[in-house]
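# Residue-level structure breakdown
So you can see what is in the structure, the chains are spelled out below.
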Amino acid sequence: MPASDVFRRRLCSSGRGTCLDNEPPKRDFLYPAVAPGQVYDADEQCRFQYGATSRQCKYGEVCRELWCLSKSNRCVTNSIPAAEGTLCQTGNIEKGWCYQGDCVPFGTWPQSIDGGWGSWSLWGECSRTCGGGVSSSLRHCDSPAPSGGGKYCLGERKRYRSCNTDPCPLGSRDFREKQCADFDNMPFRGKHYNWKPYTGGGVKPCALNCLAEGYNFYTERAPAVIDGTQCNADSLDICINGECKHVGCDNILGSDAREDRCRVCGGDGSTCDAIEGFFNDSLPRGGYMEVVQIPRGSVHIEVREVSMSKNYIALKSEGDDYYINGAWTIDWPRKFDVSGTAFHYKRPTDEPESLEALGPTSENLIVMVLLQEQNLGIRYKFNVPIARPGSGDNEVGFLWHHQPWSECSATCAGGVQRQEVICKRLDDNSIVQNNFCDPDSKPPENQRACNTEPCPPEWFIGDWLECSKTCDGGMRTRAVLCVRRIGPSEEETLDYSDCLTHRPMEKESCNNQSCPPQWVALDWSECTPKCGPGFKHRIVLCKSSDLSKTFPAAQCPEESKPPARIRCSLGRCPPPRWVTGDWGQCSAQCGLGQQMRTVQCLSYTGQASVDCPETVRPPSMQQCESKCDSTPISSTEECKDVNKVAYCPLVLKFKFCSRAYFRQMCCKTCQGH
């Protein structure tokens, strides 16, 4: 698949492709009739990129990558293909030209085929087992796949739906909390931490940011949470592909169902009453004092001091079990899971403290205040459920109404005005969910055209193209057209004279400053030594921009000078080894003796080393034996042991008879041995 298609797919599926939703304006352009590769051959394209001396290297497939000869006589590429129409050659095509990245027979255009969507795949596994997950289904642009320059498919490649929307069992671990805890066994900068979710300010709601428990820092452990994770604690919206998506109060992705003031999904606000009050009583000696009782089932609870003080809001049960700020102990501001809902206790440094919860509460609660100075006042409000048969809808009527006309969507060239249809209560004219009105009697939304006259002619000014030179004076151009919008998505091109204001410039000089000298590095030398750590060297010169002059090094910026020496290695050197000399002469002229040799530890360069293992050191001495001359003893001489020698039996025992001295002194004992 082309890289552009891959990029487009990723862009659109990540929620960042909404800028492509609008239809581009229609303009008539005069396109060239001749392919650019026929006007500028491969050598000319190389000169555009690498200078006047460059030319094409006959290397690789030119229609996929154009390789050019650089100033240092090396073949280089920008990893871009040659221009359409550039001459090419393959094993099967003697003369061809480049078309859509392939070499095709010269003068031919393969038929373009637009892509078509295949069928949707089966719905995948749900991302969560409870609490509202998502599953997805895919389709591919392969029926048929686009080819020959055909268009890619339009529309969604991936779709999502809600699944497993039932609440998780009581006491289940928070889904985001579990994702952070999965990193507990993974080292972070060489240490292990216990991670908790961090959802404070300045972070993306759908990134997995985790706080190191017991430490004062947090970090992003993953760029996106698992699909189906709530964007924040007090919202039903969920994260998909790292983007926050709306979920209705019915836990259905993209649903318009909304809670009323009583937290009834799709309700009309008639099942609860609003309670509001102000408490400013005080105790002369301070202490805990009751502010208000909050009945079970209350929703949208807000308790707030009117001004900053040294007093503290507290919360307890009917049984006097304190949940927040009890027993004269002040808790840190944070979220408290109390009575089936989350209470957010806030105590900013520059604002009065507050206590808030969405509810509903699962028990009766009592709001207290710990007084340490005069009570300047505490405001509270919450909605309490009321017993009423049915939903209350039977007691009031509902009717469809047209809203007033909206403003025109455009000032000229055709806009639209709309009258939205909404459902209202008959008693107080308040807006409610549409399902309270009869859908069969819903009138159509009114719509009318407005401001249909063409817009005045105006100049269309394109962006400046890149300057033809980076210094020493170049030129840059831009498109300038006189256009007039005649419809919501239609424009016409007029003569320049139809635009009454001064015609903007289409061409101007640029980069007129003189080119400074620049560093030019020659090729690297070979790595020396041939093994182990070493260095490569090269010559770095200060040259003019056209490379015709060489300047003193001081005229080029020292901070941008390329290195003239870098470390290198051609692999590990052989380890030191034991080297032995030849064996010396035997120490005995007759019989057993010893002979010696040199044993040295030498590196691969022949230098003495101490790194050879002693366990494999060869011996430097060994036993040797010299052949004795067999001189016959004359019969006139008597073979006997010399009397004064008393150790002849030992000579025989230790086999010293082979030595001439002992054989002579112990002749009789050694005879025959």
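In short, a report on the structure. Source: prediction; values computed, not measured.

What counts and how
- Residues numbered from 1 in each chain as written.
- Predicted model: local features only at pLDDT ≥ 70, side-chain atom pairs only at ≥ 80, totals over all residues.
- Heavy atoms only, no water.
- Helix = DSSP H or I, 4+ residues; strand = E, 2+ residues; numbered from the N terminus.
- Rg over C-alpha atoms; globule rule 2.2 N^0.38 Å.
- Buried < 20%, exposed > 50% of the residue type's maximum accessible area, 1.4 Å probe, protein only.
- Contact = heavy atoms within 4.5 Å.
- Areas by Shrake-Rupley, 256 points an atom, 1.4 Å probe, with all protein chains shown as cover.
- Lys, Arg positive; Asp, Glu negative; His and termini not counted.
- Charge placed at Lys NZ, Arg CZ, Asp CG, Glu CD.
- Patch = residues over 30% accessible without salt bridge, like charges linked within 9 Å, V, L, I, M, F, W, Y side chains within 5 Å.
- Salt bridge = Lys/Arg side-chain N within 4 Å of Asp/Glu carboxyl O.
- Phe/Tyr/Trp six-rings, centres within 6.5 Å; stacked < 30°, edge-to-face > 60°.
- Lys NZ or Arg CZ within 6 Å of the ring centre and 35° of its normal.
- Pairing = 2+ DSSP bridges.
- Axes fitted to C-alpha atoms, helices over the stretch in contact; angles between N-to-C directions.
- Arc of directions from axis to C-beta.
- Disulfide = S-S within 2.5 Å.
- Polar contact = N/O pair within 3.5 Å; in protein donor to acceptor, adjacent residues only side chain to side chain.

## Regarding the overall build of the protein chain
Looking only at helices and strands, the protein chain features seven helices and 41 strands. Here the C-alpha atoms of the protein chain give a radius of gyration of 46 Å, more than 25% beyond the 26 Å that 2.2 N^0.38 yields for 673 residues. When the backbone C-alpha atoms are referred to their principal axes, the protein chain occupies close to 160 × 90 × 60 Å. The buried share among the 673 residues of the protein chain stands at 32%. Restricting the contact set of the protein chain to residue pairs at least 6 apart, pairs at least 24 apart contribute 56%. Of the accessible surface of the protein chain, which amounts to about 43,600 Å², a share of 50% is contributed by carbon and sulfur atoms. Averaged over its 76 positive side-chain charges, the protein chain has a centre that lies 12 Å from the centre of its 83 negative ones.

## A word on a nonpolar patch on the surface
On the surface, a nonpolar cluster with roughly 510 Å² of combined accessible area is contributed by Tyr-647, Leu-650, Phe-654, Phe-656 and Tyr-661. Topologically, Tyr-647 is positioned in the loop between β41 (621-626) and α5 (648-653). Classification of Tyr-647 as partly exposed rests on a relative accessible area of 33%.

## A look at the packing of aromatic side chains
Aromatic ring pairs are described here by two measures, namely the spacing of the ring centres and the angle between the planes. Under the definition given, this model contains 18 aromatic pairs. Residues Trp-195 and Phe-217 carry aromatic rings whose centres are separated by 6.0 Å and whose planes lie at 85 degrees to one another, so their mutual orientation is edge-to-face. With Trp-195 in strand β8 (residues 195-197) and Phe-217 in the loop between β9 (208-212) and β10 (218-222), this residue pair connects regions lying 22 residues apart in the sequence. Taken together, a centroid distance of 3.9 Å and an interplanar angle of 15 degrees make the contact between Tyr-198 and Tyr-218 stacked. Taken as a pair, Tyr-198 in the loop between β8 and β9 and Tyr-218 in strand β10 lie far apart in primary sequence, 20 residues in all. The lysine or arginine in question, Arg-503, covers the ring of Tyr-496, its NZ or CZ lying 3.7 Å from the ring centre. Its end group placed over the ring of Phe-535, Arg-565 keeps NZ or CZ at 3.8 Å from the ring centre.

## What to know about the sheet that holds β9
Spatial strand order, β8-β9-β10: three strands in an open sheet with antiparallel pairing. The open sheet is flanked by β8 and β10, the only strands paired with a single partner. This sheet shows a mean twist of 45 degrees between the axes of neighbouring strands, independent of strand direction. Here β8 runs beside β9; their pairing, made up of three bridges, is antiparallel. Directly across from Trp-195, in β9, lies its bridge partner Ala-212.

## Considering the sheet that holds strand β4 (residues 96-99)
With antiparallel pairing, the three strands of this open sheet are ordered in space as β3-β4-β5. Two strands bound the open sheet, and with one partner strand each, they are β3 (87-88) and β5 (102-105). Of the pairings in the sheet, the one linking β3 to β4 comprises two bridges and is antiparallel in character. What sits directly across from Cys-88, in β4, is Gly-96.

## Things to note about unusual backbone geometry
Residue Pro-144 is reached from Ser-143 by a cis peptide bond, and omega for that bond is 0 degrees. With respect to the secondary-structure elements, Pro-144 resides in the loop between β6 (133-138) and β7 (158-163). The residue after Gly-359, namely Pro-360, is reached through a cis peptide bond having omega 0 degrees. Relative to the helices and strands, Pro-360 resides in the loop between β20 (354-357) and β21 (365-371). Despite not being glycine, Asn-73 shows a phi value in the positive range, around 60 degrees. Considering the arrangement of structural elements, one finds Asn-73 in the loop between β1 (67-69) and β2 (75-77). The class for Asn-73 is exposed, based on a relative accessible area of 61%.

## Brief notes about helix α3 (residues 42-50)
Taken as a whole, α3 has its buried residues at Ala-42, Gln-45, Cys-46 and Tyr-50. Around the axis of α3, the buried residues are gathered within 110 degrees of arc, so they sit on the same side. Packing partners of the buried residues in α3 comprise α2 (36-39), β1 and β2. One or two positions beyond α3, positive phi appears at Gly-51, with a value near 110 degrees.

## Examining the state of the cysteines
Counted according to the given criterion, the structure contains 26 disulfides. The partner cysteine of Cys-88 in its disulfide is Cys-103, sulfur to sulfur 2.0 Å. Taking the torsion about the S-S bond as the criterion, the Cys-88 to Cys-103 disulfide, at about 95 degrees, is right-handed. You can see Cys-88 sitting in strand β3 and its partner Cys-103 sitting in strand β5, a full 15 residues away along the chain. Neither Cys-88 nor Cys-103 differs from the other in exposure class; each is buried. Two residues, Cys-639 and Cys-667, share a disulfide whose sulfurs are 2.0 Å apart. Here Cys-639 and Cys-667 share a disulfide; its torsion about the S-S bond, -115 degrees, makes the bridge left-handed. In this pair, Cys-639 sits in the loop between β41 and α5 while Cys-667 sits in helix α7 (residues 667-670), placing the two residues 28 residues apart along the sequence.

## Brief notes about the environment of Glu-84
Within the fold, Glu-84 resides in the loop between β2 and β3. Sequence separation between Glu-84 and Thr-598 is 514 residues; the distance between their C-alpha atoms is 75 Å. Once residues within four sequence positions are removed from consideration, Glu-84 is found in contact with Ala-35, Pro-36, Gly-37, Gln-38, Cys-98, Tyr-99, Gln-100 and Gly-101. A distance of 3.0 Å separates the side chain of Glu-84 from the backbone nitrogen of Gln-100, its partner in a polar contact.

## Here we look at the pattern of salt bridges
A complete count under the given rule lists 14 salt bridges for this structure. Taking the shortest distance from any N to any O, the salt bridge between Arg-74 and Asp-523 comes out at 3.8 Å. Within this pair, whereas Arg-74 is found in the loop between β1 and β2, its partner Asp-523 is found in the loop between β33 (518-521) and β34 (533-537), the two being separated by 449 residues in sequence. Taking the shortest distance from any N to any O, the salt bridge between Arg-476 and Glu-508 comes out at 2.5 Å. In this pair, Arg-476 is assigned in strand β29 (residues 474-477) and Glu-508 in strand β32 (residues 507-510), connecting sequence segments 32 residues apart. You can call Arg-476 partly exposed: its relative accessible area is 26%. Counted as one network, the salt bridges with shared partners bring together Glu-61, Arg-64 and Asp-102.

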